[in-house]
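Single-letter residue listing:
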Amino acid sequence: MTDEDRSRAAAPEEAVPDDVREEAVPGTAPEEAVPDDVREEAVPGTAPEEAVPDETPDISGAYPRLTDEQIAYLSGHGTRRSVVPGQVLIRDGGPPADFFVVLSGSVAITAHRGTPDERLLRVHGPGRFLGELSLLQGQVAFYTAHAQEAGEVLALPMDRLRALLARDPCLGNLVLRAYLGRRAQLVGGGVGFRILGSRYSPDTRRLREFAARNRLPHRWIDLEADQEAEALLRRVSVSPEDTPIIIWREHQVLRNPGNAELAQLIGLSPPMTPHSHCDLLVVGSGPAGIAAAVYGSSDGLTTTVVDTVAPGGQAGTTSLIENYFGFPAGIPGSELAERGMLQARKFGTQVRIPAEATSLEPAHGHYRVTFADGSETLCRTVVLATGAHYRRLDVPGMERLERTSVYYAATVYEARQCGAAPVAVVGGGNSAGQASLFLAEWVPRVHLLIRGSYLGARMSRYLVDQIERHPRVNVMLDSELREVRGEDALRTIVVEHRRTGERRTLDACALFVFIGAKPCTDWLTGVLALDDRGFVLTGDEAEARAAHGVRAGPGRGCLSLETTLPGVFAAGDVRSGSVKRVASAAGEGAMAIHHVHDRLARTAAGPTHPSGAAPAPSGRSAAPGGDPHVSPHVSASPAQPHHPRSRST
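The text that follows walks through the structure, step by step, so that each part is easy to find. (Residues numbered from 1 in each chain as written. Predicted model: local features only at pLDDT ≥ 70, side-chain atom pairs only at ≥ 80, totals over all residues. Heavy atoms only, no water.)

1. Overview of the overall build of the protein
Thought 1: Assigned secondary structure in the protein consists of 16 helices and 26 strands.
Thought 2: Counting all 649 residues of the protein, 58% fall into the buried class.
Thought 3: The contacts in the protein between residues at least 6 apart in sequence include a share of 69% that link residues at least 24 apart. (Helix = DSSP H or I, 4+ residues; strand = E, 2+ residues; numbered from the N terminus. Buried < 20%, exposed > 50% of the residue type's maximum accessible area, 1.4 Å probe, protein only. Contact = heavy atoms within 4.5 Å.)

2. Quick word on the pattern of salt bridges
Once their charged atoms are close, side chains differing in charge can pair, the charge on each being opposite to the other.
Thought 1: A full pass over the atoms with the stated rule returns 32 salt bridges.
Thought 2: A salt bridge links glutamate 228 to arginine 219, with the shortest nitrogen-to-oxygen separation between them at 2.3 Å.
Thought 3: Exposure remark for glutamate 228: the relative accessible area of 28% places this residue in the partly exposed category.
Thought 4: Ionic pairing is found between glutamate 468 and arginine 461, a salt bridge with its closest N-O pair at 3.6 Å.
Thought 5: Accessibility expressed as a relative area gives 54% for glutamate 468, which makes it exposed. (Salt bridge = Lys/Arg side-chain N within 4 Å of Asp/Glu carboxyl O.)

3. Focus: the packing of aromatic side chains
Any aromatic ring pair is given by two values, namely how distant the centres are and how the planes are angled relative to each other.
Thought 1: All chains considered together, the criterion is met by eight aromatic pairs.
Thought 2: Geometrically, the ring pair formed by tyrosine 324 and phenylalanine 327 is stacked, given 6.0 Å between the ring centres and 20° between the ring planes.
Thought 3: The buried category is assigned to tyrosine 324, whose relative accessible area is 18%.
Thought 4: Centre to centre, the rings of tyrosine 390 and phenylalanine 514 are 5.1 Å apart; their planes meet at 85°, and the pair counts as edge-to-face. In this pair, tyrosine 390 is assigned in strand 16 (residues 388-390) and phenylalanine 514 in the loop between strand 24 (511-513) and strand 25 (517-519), connecting sequence segments 124 residues apart. (Phe/Tyr/Trp six-rings, centres within 6.5 Å; stacked < 30°, edge-to-face > 60°.)

4. Digging into helix 8 (residues 259-266)
Thought 1: Asn259, Leu262, Ala263, Leu265 and Ile266 are the residues of helix 8 that are buried. Buried residues of helix 8 fall within an arc of 160° about the axis and therefore sit on the same side.
Thought 2: In the core, the buried residues of helix 8 are packed alongside strand 6 (193-197), helix 6 (202-213), strand 8 (245-248) and strand 9 (252-255).
Thought 3: One or two residues past the end of helix 8 sits glycine 267, with phi positive at roughly 80°. (Arc of directions from axis to C-beta.)

5. Considering empty space enclosed by the protein
Thought 1: Counted by the stated rule, this structure contains five cavities of 30 Å³ or more.
Thought 2: Quantified by volume, the largest cavity comes out at close to 210 Å³.
Thought 3: Contributing to the lining of the largest cavity are 16 residues, with Gln137, Asn214, Pro311, Glu338 and Met341 lying nearest its centre.
Thought 4: The leading source of residues in the lining of the largest cavity is helix 10 (residues 333-346), at five residues.
Thought 5: Its residues assigned to classes, the lining of the largest cavity comprises six nonpolar, five polar and five charged. (1 Å grid on protein atoms, 1.4 Å probe; cavity = no way out; pocket = protein on both sides within 12 Å on 5 of 7 lines; lining within 4 Å. Points joined across faces, edges and corners; volume = space filled by probe spheres on them. Nonpolar A, V, L, I, M, F, W, Y, C, P; charged D, E, K, R; others polar.)

6. As for the packing of helix 9 (residues 287-298) against helix 10
Thought 1: Contact geometry for helix 9 and helix 10: axes closest at 8 Å, N-to-C directions at 20°. The pairing of helix 9 with helix 10 is recorded here as roughly parallel in orientation. Between helix 9 and helix 10 lies a crossing of left-handed hand. Together, Ile290, Ala293, Val294 and Ser297 of helix 9 and Ala337, Gly340, Met341, Gln343 and Ala344 of helix 10 make up the contact between the two elements.
Thought 2: In terms of residue class, the contact of helix 9 with helix 10 is made up of six nonpolar, three polar and no charged. (Axes fitted to C-alpha atoms, helices over the stretch in contact; angles between N-to-C directions. Parallel < 35°, antiparallel > 145°, perpendicular 65-115°, else oblique. Left-handed = near helix turned anticlockwise from the far one by under 90°.)

Here's what the structure looks like:
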């Protein structure tokens, strides 16, 4: 996406606990600081903040204390348990636990418990509750929670908690916001699994990017630079030649695992079954795909969303989206995606990551989508939201250095690889401008290379103003990259002035490329009609290219987001003629669901529902004001609604 997202220090230094702050790069903002709406005041009427002498203060708003009324509300549905010092409530690497509220005594949260790297993260006293996003998403725990002193806790099973929080939205929001804040603090804090590998290894980079994009708490140990790497390899009996490795709880080691193997270890999503069925399959989980999943599942359609790497698409790799409606202070793209996926899970959406779609074909009134692992899904309708990726530069030396020093996103993950050396950004659009401003907060110099003669030709005015004022951004107009130099990593670049032919050699440790998008549609070639750039044709253009008789029946024209295959829709960046914005992508995702209902109503008229509403394809009412039951799939939200709701607009 090209929405403005210049990253700033999201919170003051004191908003991050000591255990996270110690991992930050000197002189920079902490990674993934807690969002503004998480930093709320304590709930009125709560107990005194310092309930135990060594309790971690709730500076960031991620550790609220429940009121007496809220505890009483939960107590009627939970079990009180006495605990003794050292008793484990949540175990690092263990399956999802109960929801615990501390009633008396205190509970310590530790990382890498029982290993030489054990350290205390925080302490909770009476009124505090335990857990973070892994509890809601069904992932394994990334830390251990154990009683620090004798006391009592309240335990509630997660399914019961969801039902209770659905009846009390204020309590549900309190828990969700706290969990979002806690995950933000865990990411980058040295908690969770460890990736040990060389900075020059493509597989190390692949694993790190997968973990970072999915916001999985982890720590990278550089085989080339970290002094502890050799000792750790000896402890786990692995040679340097067998890296990269994933180290989980000291005794569990994965040698160069695939992304799917890592996802299975963490419990990122349930494994794909060989054959599955759904009303709606959403391929791609950028803003368009997430919106389609939210609106589809909330309307009662059994919905599955799949993605090859992580939620968010290009928007998910942005550090701060500043012009998205409703967020005047901006919102990190990863957080927007995370919230959207939680919302989709709340309504019953099944999430499969990683899952790479490889083929799409009609199958007896349905569509069969096959995945790279050999599994397949049979679905009644499909929303294609695979997005696009930035094009690659055809420059000598580029292919060799793409494995280590060339990037197509600019987030905290990429910025941390740059150290204190200059970088170069290629591109003249908003993405290049956003990246330049963000990177300038991390490195001493950013060279922005633009082929055109005017900075504002394809860039928003306010971005232009910020770039022109920034002392560390060097704008080079009428300039093209001609060569990159370096063996294992980028060292210098050669830039040519297009009018004079003059060439300059500049120091640069990393290259960021934002030169236009290539749609992710290779797997659809020959299946759907594409335009001359590979984007999916929809609406009238698709109608003109559709096979004769494919839309038999009176009044069955091609809907505005429908492709040449009836019941297959395209939304967001992958669609020909779409506006490359987060808001428009989300809008198209929602609009696609309206078309899905239209398509299914025309092709499968069902019996009248007792309430007078037409049944959804899955058998649940999808009419405004209806009460579609929750999908049998596991929900991952603290606020599963059971009251009537109308279709969102």
